[in-house]
Amino acid sequence: MHSTIIRSPRALAPVRRGFVRRNLPYLLIAPSVIMLLALIAYPLLFALKSSFYFWNLQVGPEPMAFVGLDNYVQAINAFDFRAALTNTLILSVLGTAIEFGLGLAIALVLLKTLPGMNVVRALLILPTTIAPIVVGFLFRYLYDPGGGLLTWVLQSLWLPVPAEGILGSPSTALAAILFVDIWQWTPFFAIVLYASLLAVPDEIIEAARLDRASAWTILMRIKLPLIRRTAIIIVMLRFMQIFNTFDTVLVLTRGGPGTTTRTLGYSLYEQGLVNFNVGLVSAMTWITVLIVNVIVALYVFFAFRNEEW
Amino acid sequence: MSNRTTFSTALTYAAGLLFLAIFIGPILWFLALAIRPAETAFTMPPQFTFEPTFDAFRHILVDPGTNAPQLVNSLIVAIGAVLLNLPFSVPAAYALSRFKMRGKKNIMLWYLGLLMAPPIAFLIPYFVLITRIGLQGSYFSMVLVLQTLTIPFSVWLMKSFIDEVPAELEEAARVDGARWYMIMWRITLPIVRPGIIVTSMFAFVFAWNNAAFPLVLSSRSTATLPIGTLGYFATSGVTWNYIAAAAVLAMIPPMIIFLVFDRYVVRGLTFGSVKG
């Protein structure tokens, strides 16, 4: 135990052999795990139980009747739910892909070291710092059909703007919401990708240049593989964030017009906090949790397969 | 300088300006909404010049008859969330950074997975539970449920900071006979104080920006700023200058924090997976 060998940070093994000593790492982790389990197990079990009952807070404070799988059948058969699932998938897949692509392009521009560009980089993160609900208001103001700046810009460029407004037209509403998400989160991808690209050693890139590799080849074969792990994590987190969005939709369109911008998150909000249909919303919660878990499990399985920890 | 480099320099600056116009322009336009006379908010074409007025801010901050002190509420909830968070996440991060243990990868992924839980799905159960135990509208209920977001995030970020403290320092103390908790308390934690500050700041921003939990758990007197904006939205006739004033107050602290901790922003946003 009086060894003077320098150990790596992870290798600081327990020295004494008591119970506390042996289980020290687990004991240190336990409070946070117990706290988190208490915070998430209750809602999940609560929702599981409630999902088998007819329970509407507007009708009564307690569950009224056991209805078996009725809530699940109702949730899946409702046209709204399928529309919501489709919209949610469109938003999260397109959103993540476009934000990654644009973010990467911006990151590559930022990598050109010129005086003043670091100011651009520092300011660029600002959209990401704003609460989604506030971003919702910001764009509701910009999209306003009677005086919104964005509406005005589009009209000035002789682009067609729907008479009902960008958010009021079924053909543009979902795209408008997607645009808001892209506006808020492209800078996030740009800054993170920029920082991880900075860490790619110059010598490797120089060597590739000497071998006459094109800029595109260098990007695809050298730079991107080297920032793989960061990319995996931010893509996953962002995908899930959009998947669960409800506040932007609440402020911008309330799921309308019709069901064109209804998302799973917003449907859960509406059934739970507007209609107080606890039984139905619990079934929808479980369906959503299962969908999310399948997607994440597949992603984690394929993405982290070869990662060392 | 060759023509080609001049051209590429000009192109880079043009791109930089375009980025700023697209990503910062809308924010500035919205800031202006908070201080412009209400009647000029929606004019076609937009009015770019106006007499600034601070009436909306006065209404949000001072008028005590109708408005809950939302700024104060936001501060209480966000600071409370940070204070409750640290004693849970710092020891966990220390353990994950310093000790070998079985299933470490799974534990790390479990924390990460929690960040992906849909908060909206938890709202109704929390609402029912908190109402049943009579804590509805309390600051504590909001601070408590926010931990589902702040603990997993802080564990990841703190771990990345503790990873960087050289193990030799701890070894030296151990040779001198110090116990592990003395080492953690007297050596490691003081060294990672900047990391604790940065982690706290990020947890603060998360809690500050969160609208989902206060939406169901706050009462009129404990509503936070994001909920305040919704309030001005729901009442008859949208009062845009009040919305904007409340929104601006809500926007400023996270912006300042991100600009001040610029160096650490990337690390925070990626939960430490990139050392920034």
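Model, not experiment: these values are computed from the prediction.

I would appreciate a short explanation of the overall build of chain B in the present structure.
When helices and strands are counted, chain B shows 14 helices and 0 strands. Across chain B, helices and strands are ordered from the amino to the carboxyl terminus as α-α-α-α-α-α-α-α-α-α-α-α-α-α. Dimensions of chain B along its principal axes, counting C-alpha atoms only, are 75 × 75 × 30 Å. A buried classification covers 58% of the 276 residues belonging to chain B. Of all intrachain contacts in chain B linking residues separated by at least 6 positions in sequence, the fraction that spans at least 24 positions is 74%. With an accessible surface of roughly 11400 Å², chain B has 68% of that area assigned to carbon and sulfur atoms. Between the centroid of the 18 positive side chains of chain B and the centroid of its 11 negative side chains there is a distance of 12 Å.

Explanation requested: the domain arrangement of chain A in the structure shown.
A common way to express how large an interface is: the accessible area buried when the components associate. Residue and element names in this part refer to chain A. Domain parsing of chain A yields domain 1 (22-66) and domain 2 (78-305). Distance between the C-alpha centres of domain 1 and domain 2: 30 Å. Each side of the interface is counted separately: domain 1 has 11 residues, and domain 2 has 11 residues. In this structure, the connection of domain 1 to domain 2 is made through 0 salt bridges. For the pair domain 1 and domain 2, the number of links is 4 residue pairs in polar contact (both at pLDDT 80 or more). Sorting elements by how many residues they give to the side of domain 1 that touches domain 2 places helix α2 (residues 24-50) first, with 5 residues. Here the residues of the side of domain 1 that touches domain 2 sort into 7 nonpolar, 4 polar and no charged.

What am I meant to see in the packing of aromatic side chains here?
For any pair of aromatic rings, the description rests on two quantities: the centre-to-centre distance and the angle between the ring planes. By the definition in use, this model includes 32 aromatic pairs over all chains. On the numbers, 5.7 Å between centres and 35 degrees between planes, the contact of Tyr-266 of chain A with Tyr-269 of chain A is tilted. Here Tyr-269 of chain A and Tyr-266 of chain A lie together in helix α14 (residues 264-274), a separation of 3 residues that amounts to about one turn. Each member of the pair Tyr-266 of chain A and Tyr-269 of chain A is classed as buried. Above the plane of the ring of Phe-161 of chain B lies Arg-267 of chain B, whose end atom (NZ or CZ) is 4.1 Å from the centre.

How should the UniProt feature "domain: ABC transmembrane type-1" (unreviewed entry) in chain A be read in this particular structure?
Residues annotated in UniProt with the feature "domain: ABC transmembrane type-1" (unreviewed entry) correspond here to residues 85-299 of chain A. The straight-line gap between the two end C-alpha atoms of residues 85-299 of chain A is 19 Å; of that span, 74% is helix and 0% is strand.

Help me understand the interface of chain B and chain A, please; the structure alone is not making it clear to me.
Across the boundary between the two partners, chain B contributes 104 residues, which contact 104 residues of chain A. Between chain B and chain A lies a buried interface of about 9500 Å² when both sides are counted; carbon and sulfur atoms form 79% of it. On the surface where chain B and chain A come into contact, there are 1 salt bridge. Across the pair Asp-262 of chain B and Arg-121 of chain A runs a salt bridge, and its minimum N-O distance is 2.9 Å. Taken together, chain B and chain A are joined by 7 residue pairs in polar contact (both at pLDDT 80 or more). In terms of residue count, helix α1 (residues 3-35) of chain B provides more of the side of chain B that touches chain A than any other element does, 15 residues in total.

Help me out: how do you make sense of the UniProt feature "transmembrane region" (unreviewed entry) in chain A in this one?
Residue and element names in this part refer to chain A. Sequence positions flagged by UniProt for "transmembrane region" (unreviewed entry) are, in local numbering, residues 26-48, 89-111, 123-143, 182-205, 226-243 and 283-304. Helix makes up 96% of residues 89-111 and strand 0%. Its end C-alpha atoms lie 32 Å apart. Summarising residues 123-143: 86% helix, 0% strand, and an end-to-end C-alpha distance of 23 Å.

Help me out: how do you make sense of the side chain of Ser-267 of chain A in this one?
Residues and elements named next belong to chain A. Looking at where Ser-267 falls in the secondary structure, it is placed in helix α14. Overall, the relative accessible area of 3% leaves Ser-267 in the buried class. Not counting residues up to four positions away in its chain, the partners in contact with Ser-267 are Ala-84, Arg-262 and Met-284.

Could you clarify how one ought to interpret unusual backbone geometry in this entry?
Note: most residues except glycine have negative phi, and most peptide bonds are trans. Residues and elements named next belong to chain A. Notably, Arg-212 is not glycine yet its phi reads approximately 65 degrees, a positive angle. In this fold, Arg-212 is placed in the loop between α10 (202-210) and α11 (215-226). Of note, the phi angle at Phe-276 is positive, near 50 degrees, even though the residue is not glycine. Looking at the secondary structure, you find Phe-276 in the loop between α14 and α15 (278-303). You can call Phe-276 partly exposed: its relative accessible area is 23%.

I keep staring at the UniProt feature "transmembrane region" (unreviewed entry) in chain B and nothing clicks. Help me out?
Residues and elements named next belong to chain B. In this numbering, the UniProt entry assigns the feature "transmembrane region" (unreviewed entry) to residues 12-35, 71-96, 108-127, 139-162, 183-208 and 240-261. Regarding residues 108-127, the helix share stands at 80% and the strand share at 0%, and the terminal C-alpha atoms are separated by 29 Å. Counting secondary structure, residues 139-162 comes out at 96% helix and 0% strand; the distance between its end C-alpha atoms is 31 Å.

Can you walk me through the domain arrangement of chain B in this structure?
All names here are of chain B. The domain boundaries assigned to chain B delineate domain 1 (2-35) and domain 2 (69-271). The C-alpha centroid of domain 2 is placed 33 Å from the C-alpha centroid of domain 1. Counting the surface domain 1 buries against domain 2, the share from its top three residues, Phe-30, Leu-33 and Ala-34, is 72%. There are 0 salt bridges connecting domain 1 and domain 2. At the junction of domain 1 and domain 2, the tally comes to 0 residue pairs in polar contact (both at pLDDT 80 or more). For the side of domain 1 that touches domain 2, the residue count by class is 5 nonpolar, no polar and no charged.

How should the confidence of the model for chain A be read in this particular structure?
Parts of the prediction with low pLDDT should not have their coordinates interpreted in detail. In the predicted model, chain A carries a mean pLDDT of 86, and 94% of its residues have values of at least 70. Across residues 1-8 of chain A, where pLDDT falls below 50, the model places 9 contacts with residues more than four positions away in sequence or in other chains.

Sorry, what's going on with the nonpolar core here?
Generally speaking, a soluble globular protein has its nonpolar side chains buried in company with each other. Judged by nonpolar contacts, the single largest core of 194 residues is most densely connected at Ile-130, Val-134 and Phe-139 of chain A together with Phe-30, Tyr-111 and Leu-123 of chain B. Ranked by residue count, the leading element in this core is helix α9 (residues 173-198) of chain A, at 17 residues.

What is the right way to read empty space enclosed by the protein from this model?
Where empty space is left in the structure can be found by rolling a water-sized probe over the atoms. For the structure shown, the criterion picks out 3 cavities of 30 Å³ or more. Quantified by volume, the largest cavity comes out at close to 930 Å³. Forming the walls of the largest cavity are 42 residues, and the residues nearest its centre are Pro-132, Trp-185, Arg-238 and Gln-241 of chain A together with Leu-149 of chain B. Sorting the residues of the lining of the largest cavity by element identifies α6 (126-129), α9, α12 (228-243) and α13 (247-252) of chain A together with α7 (147-162), α10 (193-209) and α14 (262-269) of chain B as the ones contributing at least two each. The leading source of residues in the lining of the largest cavity is α9 of chain A, at 7 residues. Tallied by class, residues from the lining of the largest cavity come to 28 nonpolar, 11 polar and 3 charged. Taken as a whole, the second largest cavity holds about 60 Å³ of empty space. Along the walls of the second largest cavity sit Ile-40 of chain A together with Leu-114, Ala-117, Pro-118, Pro-119, Phe-122, Thr-148, Leu-149 and Phe-213 of chain B, which together make up its complete lining. Mapped onto the lining of the second largest cavity, the elements with two or more residues apiece are α5 (119-132) and α7 of chain B. Among the residues forming the lining of the second largest cavity, the class breakdown is 8 nonpolar, 1 polar and no charged.

Rules behind the numbers
- Along every chain, residues carry numbers that run from 1 in the direction the sequence is written.
- For this description, chains carry letters from A and ligands carry numbers from 1, given in the order in which they are written.
- Two thresholds apply to this predicted model, a pLDDT of at least 70 for residue-level local features and 80 or more for giving and counting side-chain atom pairs, whereas whole-chain, interface and lining totals are computed over all residues.
- Remark: hydrogens and water are excluded; side-chain values derive from all non-hydrogen atoms of the structure.
- Strands are runs of DSSP state E lasting at least 2 residues, helices are runs of H or I lasting at least 4, and numbering of each runs from the N terminus.
- The classification of residues rests on relative accessible area computed with a 1.4 Å probe and restricted to protein chains. Under 20% of the type maximum is buried, over 50% is exposed, and intermediate values are partly exposed.
- It only takes one pair of heavy atoms within 4.5 Å for two residues to be counted as in contact.
- Accessible surface is estimated by sampling points in the Shrake-Rupley manner with a 1.4 Å probe; for residues, cover comes only from the protein chains shown.
- His is not counted, nor are the chain ends; Lys and Arg add positive charge and Asp and Glu add negative charge.
- One atom stands in for each charge, and that atom is NZ of Lys, CZ of Arg, CG of Asp or CD of Glu.
- Domain start and end points were adopted from an automatic or database domain assignment.
- A pair is scored as a salt bridge if a Lys or Arg side-chain nitrogen falls within 4 Å of a carboxyl oxygen belonging to Asp or Glu.
- Here a polar contact means two N or O atoms within 3.5 Å. Within protein one must be a hydrogen donor candidate and the other an acceptor candidate, and residues neighboring in sequence count only if both atoms are side-chain atoms.
- Each residue is assigned to one class: nonpolar for Ala, Val, Leu, Ile, Met, Phe, Trp, Tyr, Cys and Pro, charged for Asp, Glu, Lys and Arg, and polar for all the others, Gly among them.
- Each Phe, Tyr or Trp ring, with Trp reduced to its six-membered ring, pairs with another whose centre is within 6.5 Å; inter-plane angles below 30 degrees give stacked pairs, above 60 give edge-to-face pairs, and intermediate values give tilted ones.
- Look at NZ for Lys and CZ for Arg. If either is within 6 Å of the ring centre and within 35 degrees of the ring normal, a charge sits over the ring.
- UniProt positions are given in the numbering used here, feature names are shortened, and annotations may be inferred rather than shown by experiment.
- Two parts lose some accessible area (1.4 Å probe) when they are put together, and adding that loss for both gives the buried area.
- Note on scores: pLDDT gives the predictor's confidence for each residue, bounded by 0 and 100.
- The criterion is simple. A nonpolar core is a set of buried Ala, Val, Leu, Ile, Met, Phe, Trp, Tyr and Cys residues joined through side-chain atoms within 4.5 Å.
- A cavity, in this analysis, means grid points on a 1 Å lattice covering only the protein atoms where a 1.4 Å probe fits yet has no way out; a pocket is instead an open set bounded by protein on both sides within 12 Å along at least five of seven lines, and a residue lines either one if it has an atom within 4 Å of a point.
- Grid points are joined across faces, edges and corners, and a volume is the space filled by probe spheres set on the points.

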